[in-house]
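An overview of the molecular structure
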Amino acid sequence: MNQEYSGSGDPAKSLELLWRRRPQPTRGPKPALTADQIVEAALRVADAEGLTAMSMRRVADEVGAGAMTLYRYFPGKGELLDVMLDTVYGELPRRDVPGDWRARLDEVARSNRALYLRHPWMLQVAVSRPPLGPNLMAKYEYELAAVEGIGLTDLEMDATISLVNGYVHGAVRTAVEARQVIQRSGITDKEWWLAHVPHLDQISDAKKFPLASRVGTTVGNEFDAPYDSDHAFEFGLERLLDGVSTLLENRSAPKG
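Treat the numbers as computed from the prediction; the structure is a model and nothing was measured. (Residues numbered from 1 in each chain as written. Predicted model: local features only at pLDDT ≥ 70, side-chain atom pairs only at ≥ 80, totals over all residues. Heavy atoms only, no water.)

**Here we look at the overall build of the protein chain**
Put simply, the rule is: Helix and strand assignments come from DSSP, with helices taken as H or I runs of at least 4 residues and strands as E runs of at least 2, each series counted from the N terminus. Exposed residues in this analysis have more than 50% of their type's maximum accessible area, buried residues have under 20%, and partly exposed residues fall in between, with area computed by a 1.4 Å probe over protein chains only. Two residues form a contact once any of their heavy atoms are found within 4.5 Å. Each accessible area value is a Shrake-Rupley result obtained with a 1.4 Å probe; residue values ignore everything except the protein chains displayed when judging cover. Counting rule applied: Lys, Arg positive; Asp, Glu negative; His and chain ends not counted. To locate a charge, take atom NZ for lysine, CZ for arginine, CG for aspartate or CD for glutamate.
Helix and strand counts for the protein chain come out as twelve helices and two strands. N-terminal to C-terminal, the α/β element order of the protein chain is β-α-α-α-α-α-α-β-α-α-α-α-α-α. Each principal axis of the C-alpha atoms in the protein chain carries an extent, and together these give about 80 × 60 × 30 Å. Residues classed as buried in the protein chain amount to 34% of the 256 residues present. Sequence separation of at least 24 residues holds for 77% of the intrachain contacts in the protein chain that already meet a minimum separation of 6. Accessible surface, the protein chain: about 15200 Å² in total, of which carbon and sulfur atoms supply 55%. Taken as two groups, the 30 positive and 36 negative side-chain charges of the protein chain have centres that lie 5 Å from each other.

Here it is in structure tokens:
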């Protein structure tokens, strides 16, 4: 995947666009487009064709305007990408989840995973310099509330949310890649696996690779594939939450 970076545009202009505070022209003809219309067009292109296809010219074609017209609204692709990210963050539900912190963190993980699966181009954007828009701030506030008051320090609260989001990012990348290889090859995982089964005896040496042979066969028989992203996600998420639980239990256990 080609990599893009959020926060690569002009900070002041990005913030104006993110918070819809950019001054509108008071003279001249009424603008034919709005910033929101351009963002919606950019999202359609990115969702359908991937982020590499999402150039200013391609978005201009999508809205039926000249490429230079877009620069009246967005200084460049960097600022547009920031607003795209903040816009899709607005799709995240912020539900009151019954239960304890574990149920709330589980919801955070699953809702972020679903967002990535709807917009896989997000995986191509490094967000170490996040777009500080209203939807990102609301997302951060909601996710922190999942662990508020459970015995973590502020730094640990932030690190826990980062841990969950980082896990989801890695897990969903594998799921998206698995989905894309099916689309591009036209062969399902089951079909791929069955095509290899008759030849496994030629490469599988149970004496030389006893563990790989036993475990690999078990996995293949279970999933009709060498890997199942849903199973891996569920297993990993449970273990991650177990780790947070152990931290809290150790902290609350009586000393000595």
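**As for helix α7 (residues 134-145)**
Helical periodicity: at 3.6 residues per turn, an α-helix aligns residues three or four positions apart in one direction. Short version of the rule: Expected helix span is computed as 1.5 Å times (number of residues minus one).
With twelve residues, α7 extends 17 Å from end C-alpha to end C-alpha; this agrees with the ideal 16 Å at 1.5 Å per step. Turning to α7, the residues buried within the fold contact α5 (77-89), α6 (101-118) and α8 (154-185).

**So, the packing of α7 against α8**
Defined as follows: To define axes, lines are fitted to C-alpha atoms, for helices over the stretch in contact only, and angles between the resulting N-to-C directions are given on a 0 to 180 degree scale. Our angle categories are set so that under 35 degrees counts as roughly parallel, over 145 as roughly antiparallel, 65 to 115 as roughly perpendicular, and the remainder as oblique. Basically, the charged four are Asp, Glu, Lys and Arg, the nonpolar ten are Ala, Val, Leu, Ile, Met, Phe, Trp, Tyr, Cys and Pro, and anything else, Gly included, counts as polar.
The N-to-C vectors of α7 and α8 enclose an angle of 105°; their axes lie 10 Å apart at closest approach. Put simply, α7 runs roughly perpendicular to α8. In this structure, α7 contributes Lys139, Tyr140, Glu143 and Leu144 to the contact, and α8 contributes Met157, Asp158, Ile161 and Asn165. When grouped by side-chain class, the residues that make up the contact of α7 with α8 number four nonpolar, one polar and three charged.

**Comments concerning the packing of aromatic side chains**
Rule in force here: Put simply, two rings from Phe, Tyr or Trp (the six-membered ring, in Trp's case) pair if the centres are within 6.5 Å, and we call them stacked under 30 degrees between planes, edge-to-face over 60, tilted for the rest. Any Lys NZ or Arg CZ found within 6 Å of a ring centre and within 35 degrees of that ring's normal is scored as a charge over the ring.
By the definition in use, this model includes one aromatic pair. Aromatic pair Tyr167 and Phe233: ring centres 5.8 Å apart, planes at 20°, arrangement stacked. Taken as a pair, Tyr167 in helix α8 and Phe233 in helix α12 (residues 229-252) lie far apart in primary sequence, 66 residues in all. Positioned over the ring face of Tyr89 is Lys139, at 5.6 Å from the centre of the ring. The positively charged end of Arg239 is found above the aromatic ring belonging to Phe235, 4.9 Å away from the centroid.

**Things to note about the pattern of salt bridges**
This is how the line gets drawn: Here, a salt bridge means any Lys or Arg side-chain nitrogen found within 4 Å of an Asp or Glu carboxyl oxygen.
This structure, assessed with the given rule, holds 16 salt bridges. Taking the shortest distance from any N to any O, the salt bridge between Glu62 and Arg44 comes out at 3.1 Å. Here Glu62 is found in helix α3 (residues 56-63), whereas its partner Arg44 is found in helix α2 (residues 35-49), with 18 residues between them in sequence. Exposure remark for Glu62: the relative accessible area of 30% places this residue in the partly exposed category. Among the residues examined, Arg44 registers a relative accessible area of 42% and is labelled partly exposed. Ionic pairing is found between Glu62 and Arg58, a salt bridge with its closest N-O pair at 3.3 Å. Here Glu62 and its partner Arg58 are both found in helix α3, four residues apart, which amounts to about one turn of the helix. Shared partners join several salt bridges into a network, and the residues in it are Arg44, Glu49, Arg58 and Glu62.

**Focus: the side chain of Thr160**
One can find Thr160 in helix α8. Assessed through its relative accessible area of 7%, Thr160 is described here as buried. Every residue in contact with Thr160, bar those within four places of it in the chain, is listed here: Leu105, Val147, Leu152 and Val244.

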